[in-house]
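Topology and contacts: notes
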Amino acid sequence: MATATAPAKSMPQIVALCKRRGFVFPASEIYGGINGFWDFGPLGTQLKNNLRDAWWRDMVHSPPSGPDGQPLEIVGLDSSIIQNPRVWEASGHVSGFSDPMADCRACKARFRADDLIGVELIFPDVPEPNKRNFLICGVGTPEEVLETNTKKIQKLQGANGPYERLSSHHVFSELNEEGRAEFSCPNCGEKGHLTEPREFKLMFETYVGAVRDEESKTYLRPETAQGIFLNYKNVLDTMRVKLPFGIAQIGKAFRNEVTPRNFIYRSREFEQMEMEWFCRPADAPKWFAFWQERRLTWWRSMGLGAENLRVRPHGADELSHYARGGSGTVDIEYRFPFTDPDFAELEGIAHRTDFDLKAHQTQAGIKLEYFDQEHNARYLPHVVEPAAGLTRGVLAVLCEAYTPDPARPSKVYMRFHPKLAPIQAAVFPLVAKDGMPEVAGKLYRELRGRFTCRLDIKQSIGKRYARMDEAGTPYCFTVDGQTLSDQSVTVRHRDTAAQERIGIDHVTDFLAQRIKG
RNA sequence: GCGGGUGUAGCUCAGUGGUAGAGCGUCACGUUGCCAACGUGAAUGUCGACGGUUCGAGCCCGUUCACCCGCUCCA
């Protein structure tokens, strides 16, 4: 790989460029910011819109052909961020989305209180009044806890003889204060230093209407997917769709993350691009494989390097509550500068089975079954879900594009795919005289209707090229003295700084050709 | 939530208790016929915020907020 010798990409420098050039600003910055929220500046907004529109086009307007060569059918949706709170009870988010955590005051370790258990041991050979039970504490199953504490148990046996194990174990999160005091920290071994479990509520709560009581409490959606399941029947009834088909949605989602980190990678307000693919249960594995391959290809077509992308299947223990019992989940991961050499999730493709439709059918009491005329059968479709992070996608595109180059004046340029670049073209007069600004202005007015375009007349030509390098503008067209005599302009290519000369009449075609692919 | 680090102009940073600084960028004018050129001039700061110590705080102390790193977490 040629990248082996490329200078490492530094996250602080990428963040600085994003601020300097108007891609991403800290949210509420003049008030000191707010943890986990970011604003997109003019260029960042355009970049995000371009990525979003590309997804919509490639999913809804012109989805890929299926394995049999037939075009797939996917329709769009835009559901409400706030839904009836029962939605989130049915979906499992109210119960599954808050984790009780306990901290050790002595060593500062943190544990999931429902994973933390204690196994009680009895030593029958010890005579009264010294006879007492010992509690072996740890994380995992009782067997695992005994396994990890073998040495301690051997020591106890040495002093007290053989032991018996109480059949039921204690779960830390279910104990009262007295019970918790008997627990020792699995990390440092100190007894009685674990805090009472505290709930980490990962869903933002809000209240609908003027009266603020439990009745009016609801949530900001933690995923866009549920809005799709809620409208599945509406779409079936109105759109003449037949299985298999998809419903796609792009929108904001909110999670009260414990630790927002890594710039816009894990923020509390973010955007998702989700598509729920409804199919026959028997076909789900086939579609699961199909979408994995298509989605990986799509990210590559957005300019992400193959060497920075990978597909990683989830282990059985990390599957979401809705994805157990299906073909599983895979993540499409990107090698971000802050994870390098490791990777982090960009998109998850999950076989959600009929978990959600079944849950809503039961909870809402509305039949959501599909009548399959071809097979003369009635069933709940299975769902394969490619769920991509738009915000994360923007970050991946920014990181991929960021290219240090000590040889050029800007020292860095943003190598966006031309179709994603927030500014696709710039028009300059070489100098601001002899009628060049007028010709450049005319060209600019022609281009701006079709492309995102900038006209810059001020300052030296080198400065203007340098600015466009940091903005990631792929093509700069310069009107010079020769233009006035032969109607040609120079095209300056961002990635090579090389120039060629084309007719001023061909600029539109030149751009259209390169920005389409 | 814990530990460590950072916070001074748009950016990068200097400034160890005594008048708020530099480079770059930005803007204006001139010059300039292809890569942040040059000349002249200009704007820009509650020194992250609040409180304390002090005659006096960007600097010392406390609190707090944000960002970075590590833990923890990430349905």
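Please read these numbers as outputs of a predicted model, since none were measured by experiment. (Residues numbered from 1 in each chain as written. Chains lettered and ligands numbered in written order. Predicted model: local features only at pLDDT ≥ 70, side-chain atom pairs only at ≥ 80, totals over all residues. Heavy atoms only, no water.)

**Comments concerning the overall build of chain A**
Tallying secondary structure elements over chain A gives 16 helices and 27 strands in all. For the C-alpha atoms alone, the extent of chain A along its principal axes is close to 110 × 60 × 55 Å. Per-residue burial over chain A gives 50% buried out of 517 residues. The contacts in chain A between residues at least 6 apart in sequence include a share of 65% that link residues at least 24 apart. (Helix = DSSP H or I, 4+ residues; strand = E, 2+ residues; numbered from the N terminus. Buried < 20%, exposed > 50% of the residue type's maximum accessible area, 1.4 Å probe, protein only. Contact = heavy atoms within 4.5 Å.)

**Considering the nonpolar core**
Ranked by size, the top nonpolar core spans 65 residues in total, and within it Phe-23, Leu-51, Trp-277, Trp-291, Trp-299, Phe-336 and Phe-416 carry the most contacts. Each of domain 1 (2–85 + 217–400) and domain 3 (413–516) contributes no fewer than three residues to this core. With 20 residues, the next largest nonpolar core counts Leu-443, Tyr-475, Phe-477 and Ile-502 among its residues. (Core = buried A, V, L, I, M, F, W, Y, C linked by side-chain atoms within 4.5 Å. Domains from an automatic or database assignment.)

**Observations regarding the sheet that holds strand 20 (residues 382–389)**
The strand order across the open sheet built from seven strands is 3-13-14-20-17-16-15, with neighbouring strands paired in mixed fashion. Unpaired on one side and paired on the other, strand 3 (74–77) and strand 15 (309–313) mark the two borders of the sheet. Along the sheet, successive strands turn relative to each other by an average axial angle of 20°, direction set aside. One ladder, built from four bridges, connects strand 3 with strand 13 (residues 245–254); its direction is parallel. Residue pairing in the sheet places Leu-77 in a bridge with Gln-249 of strand 13. Against the sheet, helix 2 (residues 42–61) touches strand 3, strand 13 and strand 14 (269–279), its axis set at about 160° to strand 13. Running over the sheet, helix 9 (residues 232–239) touches strand 3, strand 13 and strand 14 and is turned about 140° from strand 13. (Pairing = 2+ DSSP bridges. Axes fitted to C-alpha atoms, helices over the stretch in contact; angles between N-to-C directions.)

**A word on the packing of helix 2 against helix 10 (residues 284–301)**
As a packed pair, helix 2 and helix 10 sit with axes 12 Å apart at the nearest point and diverge in direction by 140°. With respect to their mutual orientation, helix 2 and helix 10 come out oblique. Crossing angle aside, the handedness with which helix 2 passes helix 10 is right-handed. Taken together, the residues of helix 10 that come into contact with helix 2 (itself represented by Leu-51, Ala-54, Trp-55, Asp-58 and Met-59) are Trp-291, Arg-295, Trp-298 and Trp-299. Taken together, the residues of the contact of helix 2 with helix 10 sort by class into seven nonpolar, no polar and two charged. (Parallel < 35°, antiparallel > 145°, perpendicular 65-115°, else oblique. Left-handed = near helix turned anticlockwise from the far one by under 90°. Nonpolar A, V, L, I, M, F, W, Y, C, P; charged D, E, K, R; others polar.)

**Structural notes on helix 6 (residues 150–160)**
Counting along an α-helix, one turn takes 3.6 residues, and residues three or four places apart therefore face a common direction. Those residues of helix 6 not exposed but buried are Ile-153, Leu-156 and Asn-160. Taken end-on, helix 6 shows its buried residues confined to a sector of 60°, consistent with a single buried face. Opposite the buried face of helix 6, at more than 90 degrees from it, the exposed residues are Lys-151, Gln-154, Lys-155 and Gly-158. In this structure, the buried residues of helix 6 make contact with strand 6 (116–122), strand 7 (134–139) and helix 5 (142–148). One or two positions beyond helix 6, positive phi appears at Gly-161, with a value near 85°. (Arc of directions from axis to C-beta.)

**As for the sheet that holds strand 25 (residues 475–479)**
Strand order in this open sheet of five strands is 24-23-25-26-27, and the pairing throughout is mixed. Each of the sheet's edge strands pairs with one partner strand only, and the pair in question is strand 24 (453–455) and strand 27 (499–503). Across the sheet, the axes of successive neighbouring strands diverge by a mean angle of 25°, strand direction being ignored. Pairing of strand 26 (residues 488–493) with strand 27, which is carried by five bridges, proceeds in the antiparallel orientation. Looking across to strand 27, one finds that Arg-492 is bridged to Gln-499. The strands touched by helix 16 (residues 507–516) are strand 23 (425–429), strand 25, strand 26 and strand 27; relative to strand 25, the strand with the most contacts, the crossing angle is about 175°.

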